[in-house]
Structure formats: C-alpha cells, structure tokens
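# Results of the structural survey
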Amino acid sequence: MMFKNLDQIVGLIKEPYYKAILDVARKNSAEIHMYVTGEKLKANIEALPYFEKDELTKLRKKLSRTTKDIFDRLLAPCDKVFTALGGYESYGLDKEKEREFVMFLNNIRNGMTTKEWVHNIAFMAKFVDPMSLTYVEIDSNGKPYPTYKSTSVIVDYKLNGRIPEYVILELSNEDKEVLSQFTTVDATLKYYRAIDEKNEYFIEFKGEESKLVYTINHNLGYIPAKVNGDKYIFNSKYIASDLEPLMELVQDYFNDNSSKSLFKKYQMHAKEWSIASDCTQCKGEGVFGGEDCNRCNGTGREPSVKVAQSLSIPLNEDGSMSVPTPPMGYVVPPTESWQMINEELERLKKDIYDTFYDCQVGLQTAGINYSGNNNVGGEQRTATEVVLNEKHKEPTLKKISIWAADIHKFIADCCKKVLYKSDSGSSVSYGNKFVLYEPQALMETYITLKREKAPITLLDDTLMSIYESEYTNNPLQLKKHIILMGVEPLIHNSLSEVIEKAPITLLDDTLMSIYESEYTNNPLPLS
C-alpha cells in the first residue's frame with residue numbers, strides 16, 4: 001500500500017484503523033508482562049474485604065511472591081528449540097556471497113547471531129507482546145539489522161496476514177535524537193514515522209497542526225516488518241499470546257500463593273500457652289514492699305517462663321508429689337489447612353503446565369522437580385515414564401520451531417534484499433530433534449529396554465538419544481560415537497555376552513585393532 005498524501009497519514013494518526021485491536025493488545029500485553037516479569041505485580045493484588053481487613057491486604061502485598069519463577073520453568077524447555085539437532089540454512093546466493101552472508105547473519109545485532117536474536121528478543125515478544133513487530137532497520141552505513149517494535153509505540157498498521165501494508169510509529173526520545181541528525185527537531189513535540197512499501201515519512205505535530213519534516217526512500221517494495229505472534233483468534237484480526245489461555249490459572253495461583261504467604265507467617269509457628277498463676281514474689285497482690293511488684297509489674301501474675309528456665313511445682317499439702325495437668329503447652333499449627341493450600345497450589349501449577357504443553361508435568365528420576373519432590377501422589381515415577389512424559393512437549397516445541405525459523409527467514413530475506421538486491425527465497429529450518437532428556441534418565445530407559453529384550457532398532461534409537469543428550473555441545477564427540485555405533489556389530493551386548501555367543505572370528509585381534517585405531521585414535525574419519 002502507498003500513502004496518497006499527508007492528509008491520509010495524519011488522519012490515520014488521529015483515528016487509527018487498528019485502534020480497537022491495538023488497545024486490547026496493549027492491555028493484554030501489560031498484564032502478561034506483569035505476571036511474566038513480576039514487575040508491579042504485588043501492587044495489583046486485589047483486596048478481599050469479605051475475608052480480610054485492610055491491614056492484612058497491605059501485609060499480603062508485602063509478603064507475596066511473584067509468578068516469574070513459574071514462567072521461567074514453564075518456558076525453559078522451549079530453549080531446546082534453539083539447540084535442536086538437524087535443521088539447515090540456505091539463502092539462494094552463489095557460494096562466495098552465501099559464505100559472506102552467513103558471516104553477516106552470525107553477527108546480526110550486538111554480537112548476537114540471528115538465531116540468538118530470535119531466541120532472546122522475538123521469542124519473548126511472541127509470548128508477552130504478540131502484536132508487536134520484528135522490524136528490519138538500516139543503519140547509517142547501509143547495514144540492515146532486526147529490531148523489536150512494541151505495541152506501545154505502534155500507532156497503527158493494517159495487516160495482510162502477519163505482514164503490515166503500512167506502519168505508523170510514535171518516535172521515542174531516542175528516535176528523535178536520530179532524526180535530529182537529518183532535520184531540526186523540537187524535543188517537546190510529538191513526531192511520528194509512517195512507512196509504506198517505498199517511503200518513510202516523518203511528521204511533526206504541534207497541537208492540531210502537523211507538517212512533514214523528512215522523507216526517506218527505502219524502495220524495498222514491501223514493509224520490512226512482521227508481527228511476532230502467530231496465534232490467530234477465530235473470526236478476528238487479533239493475534240493472541242500463547243500464554244493467554246493460562247492467565248486465569250496464573251492469577252488464581254498468584255492470589256492463593258499470596259494468601260499462603262500470609263498464612264505461613266501467622267500460623268507456621270506453634271503458639272505457646274500457659275495457665276495463669278500468682279506471682280511468687282507478691283503472692284498475687286501486685287504490690288511488694290509498698291510499691292508495684294517489680295517481678296510481675298503489678299499484675300499479680302507470674303511472668304511467662306523462658307525456655308532456659310525450669311518450672312518449679314510445689315508438693316501437695318500432705319507432702320506427696322504433685323503431677324498436675326501440664327500448666328503450659330503449645331497450640332499446634334493447622335497442618336490440614338496447610339496441606340490443603342499446598343495441594344491446591346500444586347494442582348494449579350500442574351494445570352498451567354498441562355494447558356501450555358498439553359501433557360502431565362515432567363518429573364525427575366533423582367533430586368527434586370519444580371514442586372520440590374520427585375513423585376506425584378506419593379508414587380515414584382520411573383525414568384521411562386519421565387521420558388514418555390517429556391515427549392508430550394514435542395508438538396508444542398515443533399510449533400515454536402516452525403515459528404522461529406519463519407522469523408529467522410524473514411530477517412534473512414530482508415537483509416539479503418538490502419545487501420544484495422536479491423529476491424531469491426531463503427530456506428531455514430531449526431530442526432525438530434529436541435534434546436529434552438538428561439543422559440541419566442535415558443540410560444535407565446536403555447537398561448530397562450535391554451532387560452525387557454526390546455527390538456534392536458529401539459535400542460539403537462535410545463542409545464543415539466543418550467549420545468545426543470550427552471554431547472549436545474560437543475559435535476566432534478557426537479560424530480565419533482555415531483561412527484562407532486555404525487562399525488560395532490554387537491554394541492548392545494556386554495563383553496561376556498559377546499564371548500559366550502559371538503563367532504570366534506569377531507574376536508580376532510586384527511579386527512579389534514582396526515576398530516580401535518581407525519575410529520578412536522585416528523582423527524581423519526571425524527574431520
């Protein structure tokens with residue numbers, strides 16, 4: 001789309017086409033951001049006047065804990081998208097330009113590779129600010145780089161799918177400083193940037209008056225921007241966050257956890273009680289030597305016995321031992337209520353995970369999981385159950401992988417257009433073999449499969465997964481073990497099993513020597 005004139009741009013600034021949708025997007029983004037980061041969350045605790053006094057509400061705000069740890073753990077498995085095995089990148093350039101372009105993409109912005117930028121910036125925008133934009137800017141040296149444009153600075157756009165036909169942005173103070181390098185700028189006024197498929201227009205507003213102050217011809221033929229979110233709402237132009245279905249659960253969890261924090265401070269300590277008795281100095285009179293008794297401060301009651309002191313109990317009048325009902329004790333905290341609160345919080349936490357990943361909460365085979373134990377309902381889970389449970393996350397991770405590769409491809413295509421004037425399509429895949437499991441859990445599964453005499457193909461796949469998990473960050477060692485798997489005919493058998501069952505020819509010293517020297521010590525096959 002091309003803007004017809006300045007009046008059209010000014011009209012869209014005053015009455016944005018997407019105003020209603022962007023208003024909802026900004027409101028939802030602010031709420032999600034609050035729960036994900038914990039910023040300003042405590043201040044938004046709702047009062048419960050039917051259940052608590054004002055002073056308790058204030059104390060609950062002070063003692064409550066944010067939900068940022070929930071989201072840290074919830075989104076942590078998504079990091080596996082960016083370390084997945086497999087995948088490829090091809091940019092449709094000749095060999096020399098392709099190599100040069102790959103080097104460029106490996107330092108796309110602030111020392112980050114393009115994949116790192118997608119992971120660190122666009123990924124969080126997808127969840128926290130889904131109607132924001134990934135926008136490719138061009139610096140003063142003509143080099144393109146990706147940026148994040150928040151819905152807070154987007155005045156208007158019109159979308160065709162996830163690609164805008166035009167974009168209007170409000171300039172920040174930092175943007176005004178950049179603009180001041182090209183034209184006179186009054187920092188007290190508002191400035192807007194309108195972008196269509198060929199030009200960028202900078203408009204100054206002074207009250208109701210507006211004027212065009214600067215124009216740039218980018219001449220790309222399209223807007224170098226793409227909406228970060230990809231969760232379309234049925235029969236609507238709104239694009240939602242993947243976290244929106246969780247928000248009612250998260251709010252419920254936060255409110256319940258804030259009440260638990262208050263309950264813990266008030267009820268976790270046993271409350272001491274004692275039967276009141278007369279002061280041993282003034283004999284209950286409150287006066288001793290004509291003045292207020294200095295032992296009981298005039299109350300006539302014996303002060304509470306400290307932990308380090310002993311309590312003297314007199315003999316009965318007949319001289320027999322006195323064994324009365326204990327004159328003091330403790331009110332035990334309401335453990336049933338405490339357990340009920342904890343169980344409800346665990347249920348909510350599980351529902352949050354289930355909703356996002358459509359699976360049961362992952363459990364560890366050793367140590368503690370997010371809930372502080374390695375069982376559910378008192379039942380210990382096996383390594384095989386953990387591995388099968390983790391696999392339920394793969395459909396969600398595959399969706400995120402497709403989205404991430406699409407943003408990566410978009411950035412690459414925009415940069416390639418600027419640098420090489422090339423419209424050839426790029427091909428990018430992040431791979432979908434996610435290293436979700438710890439080697440220990442996989443090894444336990446492998447041992448179980450061997451014991452149950454599982455098919456060789458299943459043993460091969462499990463052993464390969466162990467190597468991939470163990471050597472995720474060491475591709476040379478991974479390649480070495482893959483080669484050794486290929487040449488070892490009895491890799492799933494122990495030495496005693498080989499000696500007992502294998503033909504004697506397999507034990508030939510010469511062949512064993514070849515395997516050792518060729519695939520372990522000789523680096524050539526691994527290069």
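Residues numbered from 1 in each chain as written. Predicted model: local features only at pLDDT ≥ 70, side-chain atom pairs only at ≥ 80, totals over all residues. Heavy atoms only, no water.

## A word on the confidence of the model for the chain
Note the cut-off: pLDDT is defined as a per-residue confidence score from the predictor, taking values between 0 and 100. For the purposes of this entry, the term helix denotes a DSSP run of H or I that reaches at least four residues, the term strand denotes a run of E that reaches at least two, and both are numbered from the N terminus. Residues count as neighbours in contact if any of their non-hydrogen atoms are within 4.5 Å of one another.
Taken residue by residue, the chain gives an average pLDDT of 82. The fraction at 70 or more is 83%. Mean pLDDT values for the elements of the chain range from 44 in strand 16 (residues 375-376) up to 97 in strand 9 (residues 225-227). Low pLDDT, under 50, characterises residues 361-379; the predicted model gives this stretch 38 contacts beyond four residues in sequence or across chains. In the model, residues 522-527 has pLDDT below 50 throughout and makes nine contacts with residues more than four positions away in sequence or in other chains.

## Quick notes on the nonpolar core
One broad trend across soluble globular proteins is that nonpolar side chains are buried collectively. We apply this condition: By convention a nonpolar core is built from buried Ala, Val, Leu, Ile, Met, Phe, Trp, Tyr and Cys residues, the set being connected through side-chain atoms within 4.5 Å. When accessible area is computed with a 1.4 Å probe and restricted to protein chains, residues below 20% of their type maximum are described as buried, those above 50% as exposed, and intermediate ones as partly exposed.
Ranked by size, the top nonpolar core spans 71 residues in total, and within it Leu74, Phe101, Val118, Leu243 and Phe356 carry the most contacts. Here this core gets twelve residues from one element, more than from any other, and that element is helix 11 (residues 394-420). Sequence-distant contacts of phenylalanine 356, defined by excluding residues within four places in its chain, comprise Leu74, Leu75, Cys78, Phe127, Asp242, Leu243, Leu246 and Thr396. The next biggest cluster of nonpolar side chains, apart from the first, holds 19 residues, and it includes Met131, Val167, Ile223 and Tyr238.

## Describing the pattern of salt bridges
Pairing of side chains with opposite charge becomes possible as their charged atoms draw close. Applied cut-off: Note on definitions: salt bridges are taken to be side-chain nitrogens of Lys or Arg within 4 Å of carboxyl oxygens of Asp or Glu.
Tallying each qualifying case throughout the model produces 21 salt bridges. Lysine 19 is the partner of aspartate 23 in a salt bridge, and the nearest nitrogen-oxygen pair spans 2.8 Å. Taken together, the positions of aspartate 23 and lysine 19, both in helix 2 (residues 19-37) and four residues apart, correspond to about one turn of that helix. Notably, a salt bridge pairs arginine 347 with aspartate 351, separated by 2.8 Å at the nearest N-O pair.

## Considering unusual backbone geometry
Backbone geometry at lysine 40 places phi at a positive 65°, although glycine is not the residue there. Relative to the helices and strands, lysine 40 resides in the loop between helix 2 and helix 3 (54-63). Lysine 40 sits in the exposed class, given a relative accessible area of 69%. The backbone of asparagine 235 shows a phi angle near 55°, a positive value even though the residue is not glycine.

## Comments concerning the state of the cysteines
Worth spelling out the cut-off: In plain terms, two cysteine sulfur atoms within 2.5 Å form what is called a disulfide here.
Taken as a whole and assessed by the stated rule, the structure comprises zero disulfides. Cysteine cysteine 296 shares no disulfide, and the gap to the nearest cysteine sulfur, in cysteine 282, comes to 3.7 Å. Here cysteine 415 stays free of any disulfide, with the sulfur of cysteine 414 as its closest cysteine sulfur at 6.9 Å. Judged by its relative accessible area of 0%, cysteine 415 is buried.

## So, the side chain of histidine 492
The criterion, for reference: Each polar contact in these results corresponds to two N or O atoms within 3.5 Å; when the atoms are within protein, one needs to be able to donate a hydrogen and the other to accept it, and residues that are neighboring in sequence are counted only if both atoms are side-chain atoms.
Position of histidine 492 among the secondary structure elements: in the loop between helix 14 (475-487) and helix 15 (495-501). Since its relative accessible area comes to 9%, histidine 492 is described here as buried. Engagement of the side chain of histidine 492 in a polar contact is seen with the side chain of aspartate 460, the distance being 2.5 Å. If we skip the residues at most four places from it in the chain, histidine 492 touches Tyr446, Lys450, Ile456, Leu459, Asp460, Leu463 and Glu497.

## Here we look at the packing of helix 3 against helix 8 (residues 247-267)
When two helices pack together, their arrangement is captured by the angle between the axes and the distance separating the axes. Threshold: As a rule, the C-alpha atoms of each element are fitted with a line to give its axis, helices using only the stretch in contact, and angles between N-to-C directions run from 0 to 180 degrees. For this classification, under 35 degrees means roughly parallel, over 145 means roughly antiparallel, 65 to 115 means roughly perpendicular, and everything else is oblique. Residue polarity is assigned by list, with Asp, Glu, Lys and Arg as charged and Ala, Val, Leu, Ile, Met, Phe, Trp, Tyr, Cys and Pro as nonpolar; anything else, Gly included, falls into the polar class.
In the contact formed by helix 3 and helix 8, the axes pass within 9 Å of each other and the chain directions differ by 100°. With respect to each other, helix 3 and helix 8 are oriented roughly perpendicular. The residues of helix 8 that touch helix 3, namely those facing Leu56, Leu59, Arg60 and Leu63, are Asn255, Ser258, Ser259, Ser261, Leu262, Lys265 and Tyr266. Split into classes, the residues belonging to the contact of helix 3 with helix 8 amount to five nonpolar, four polar and two charged.

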